[in-house]
Amino acid sequence: GGVGRRVVARLRKKGIRVRALVRDPEKARKMLGSDVEIVAADITQPATLLPEMFRGVTGVICATSCKVVPKEGDTPDRKKYYQGVKFYDPTIQGDTPEMVDYRGLAHLVDAAKDALPGAATAPKTAGPGPGEGGGSSEDAPLHLAGGSGSGGVASRLEWGALDDVVMGGVSSSGVKQAERTSGEEDAALVFEGVVRTENNGGFASMRTKNLDPPVDLSAYNGLVMRVKGNGMRFKFLVRTDAGFDTVAYSTSFDTKDQEWHDIALPFDGFTPVFRAQTLDRKDAEPLDPSTIVSLQIMLSKFEYDGDLNPSFVPGPFSLPIESIKAVSAMETDTKGNCPKFIYVSSAGVTRPDRPGIDVTKEPPAVGMNDALGGILTYKLKGEDYLRSSGLPFTIVRPCALTEEPEGADLVVEQGDAMVGKISREDVAELCCSLLDSPQCVGTTFEVKSTVPFSETFEGPGEAKAGVDRDWDAILAGLRKGVTGKTVGGVYTADRPEEDFAAETQA
């Protein structure tokens, strides 16, 4: 739809791999492009939400909604509906709000809970805590060279080059011990070389000799690697089979140009692949970290299933590596506990049952809620289901959605009293930013632009064009547990429900 396709476009522009879950693959392909990974499912039919669709997924942005159309009809591209300013008498077409906005969302949440990191389950740890006689992540049984890991597990990693010459290419690479300097940080190893694309080639890699016996990392949640990046995307592959050309488990990671930084590689983010083709559950089981046989780091022209690496540039490259460590759940999340499920709901969902509400001053959907099949009521039920799911969530309630350009000044509030409009472009940008916003976990909020309905926003103007928003400042001060619902016949406004309940009981 209007927000979802913009989210896909923005994530792809950032170099983030996207999997789009759609009802109509042919229509989605035309809308999203031929190089987007598309899976077909219907959230109203839970049996279609297969586990493999969520394999490797680290976050969900849900912009689903039942279909609202003008009673008088619309253009093939739905211009009347999408423009969002002029009122057209609406009706529901197709599946009801109950089936889409409540039950459908609940089905999607249930399907995602088993795959998304950060759900409310007992976390794994790297061993006993401080003072309990166990090791910390510093004792993790993987190091670049030498020594032995915790529990006496041999952890020497012997690296060698493995390039596209094995398939007729002409790329070349090597692994060297880094020279120690007086700089702030020193690399232990440097992976460097030249990637060329002649003869259908286009990759270089460094791979360890097989670990014998295999290393057991089942007590850990993933790896953290410290690198000095070059701005390109690499792959990290793990094998649990001693064979040379066997199934691998792969994840991609982006690097920052000329900056030292940590790369988190949670085990539940690795996808089974064979020669860069992803495998279904029937062809490969999920990664079992109890039998790690080898590791591999690769710079490739290709991502997976024929997709191109969006940041790949042929030619010389260098990737200094300071460390690779097996770590606990907390340490694999270098962004903090960011939202893993972002739901685009709607302003007004709590207002149909609010005492003393004047529907003439509210968005039309408030007064027409019953006529539209309880659309706001069921959106609120869907919100409540997500809030109780245990997933790290954020719920966004935009005001009236328009096709105006992005870039207007935005206002964020809580308590569901906001009236106004906002561009779908701005909502898409907000949703993408929330994936890196740990302060927004567990929050529900409304958002609009400062442009009144009576004015048409033409764009931010040359002075503001291309200026990045300070989302931390815009989203500052949000409080968890605020919903704007009515509890015991009283409007909770911008107070957390739990605080309000405690006040009324006192």
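To be clear, the structure that these remarks concern was listed above.
All of the points below concern the structure found in this document.

Rules used throughout
Residues numbered from 1 in each chain as written. Predicted model: local features only at pLDDT ≥ 70, side-chain atom pairs only at ≥ 80, totals over all residues. Heavy atoms only, no water. Patch = residues over 30% accessible without salt bridge, like charges linked within 9 Å, V, L, I, M, F, W, Y side chains within 5 Å. Areas by Shrake-Rupley, 256 points an atom, 1.4 Å probe, with all protein chains shown as cover. Salt bridge = Lys/Arg side-chain N within 4 Å of Asp/Glu carboxyl O. Helix = DSSP H or I, 4+ residues; strand = E, 2+ residues; numbered from the N terminus. Buried < 20%, exposed > 50% of the residue type's maximum accessible area, 1.4 Å probe, protein only. Pairing = 2+ DSSP bridges. Polar contact = N/O pair within 3.5 Å; in protein donor to acceptor, adjacent residues only side chain to side chain. Axes fitted to C-alpha atoms, helices over the stretch in contact; angles between N-to-C directions. Core = buried A, V, L, I, M, F, W, Y, C linked by side-chain atoms within 4.5 Å. Contact = heavy atoms within 4.5 Å.

In this section: a nonpolar patch on the surface. Nonpolar side chains collect at one region of the surface, where Val85, Val419 and Phe453 lie side by side and expose about 220 Å² of accessible area between them. Topologically, Val85 is positioned in the loop between α3 (79-83) and β5 (90-93). Accessibility expressed as a relative area gives 39% for Val85, which makes it partly exposed.

This part takes up the sheet that holds strand β15 (residues 277-278). With antiparallel pairing, seven strands are arranged side by side in an open sheet as β6-β9-β16-β11-β12-β14-β15. Every other strand in the sheet has two partners, leaving β6 (159-161) and β15 as the edge strands with one partner each. When β6 meets strand β9 (residues 203-208), the two strands line up antiparallel, connected through three bridges. What sits directly across from Gly160, in β9, is Arg207.

Extensive coverage of helix α8 (residues 424-434) is indicated by the burial of ten of its eleven residues. Residues of α8 that are buried: Arg424, Asp426, Val427, Ala428, Glu429, Leu430, Cys431, Cys432, Ser433 and Leu434. One side-chain oxygen at the N-terminal end of α8 lies 3.0 Å from the backbone nitrogen of Glu425; it belongs to Ser423.

Taken in spatial order, the five strands make up an open sheet running β7-β8-β17-β10-β13, and their pairing is antiparallel. In this open sheet, the two edge strands, each paired with only one partner strand, are β7 (172-177) and β13 (260-266). This sheet shows a mean twist of 30 degrees between the axes of neighbouring strands, independent of strand direction. The sheet contact formed by strand β10 (residues 222-228) and β13 spans seven bridges and is antiparallel. Considered in β13, the bridge of Arg226 is made with Asp262.

What follows concerns the pattern of salt bridges. Here the idea is simple: oppositely charged side chains can pair when their charged atoms come close. Per the stated rule, a full pass over the model turns up 31 salt bridges. Taking the shortest distance from any N to any O, the salt bridge between Arg23 and Asp95 comes out at 2.9 Å. Here Asp95 lies in the loop between β5 and α4 (97-113) and Arg23 lies in the loop between β1 (19-22) and α2 (25-32), a separation of 72 residues in the sequence. Arg23 sits in the exposed class, given a relative accessible area of 52%. Of the charged contacts in the structure, one is a salt bridge between Glu446 and Arg397, with a shortest N-O distance of 3.0 Å. Of the two residues, Glu446 sits in strand β23 (residues 443-449) while Arg397 sits in strand β19 (residues 393-398), which places them 49 residues apart along the sequence. On the accessibility criterion, Glu446 (1% relative accessible area) is buried. Put simply, Glu383, Asp384, Arg387, Arg397, Glu446, Lys485 and Glu497 are held in one network by salt bridges that share partners.

On to the nonpolar core. Most often, soluble globular proteins have nonpolar side chains that are buried together. Formed by 35 residues in total, the largest nonpolar core has its most connected members in Met225, Phe234, Phe236 and Ile297. Taken together, the elements giving at least two residues each to this core come down to β8 (189-195), β9, β10, β11 (233-239), β12 (248-254), β13, β16 (294-300) and β17 (315-327). The element that contributes the greatest number of residues to this core is β17, accounting for five residues. In this structure, Cys62, Met368, Leu372 and Leu376 belong to the second largest nonpolar core, which totals 32 residues.

As a further point, take the environment of Pro355. Mapped onto the elements of the fold, Pro355 is located in the loop between β18 (341-344) and α6 (364-367). Judged by its relative accessible area of 46%, Pro355 is partly exposed. Separated by 131 residues in sequence, Pro355 and Thr486 have C-alpha atoms that sit 8.1 Å apart. Residue contacts for Pro355: discarding those within four places in its chain leaves Thr486 and Gly489.

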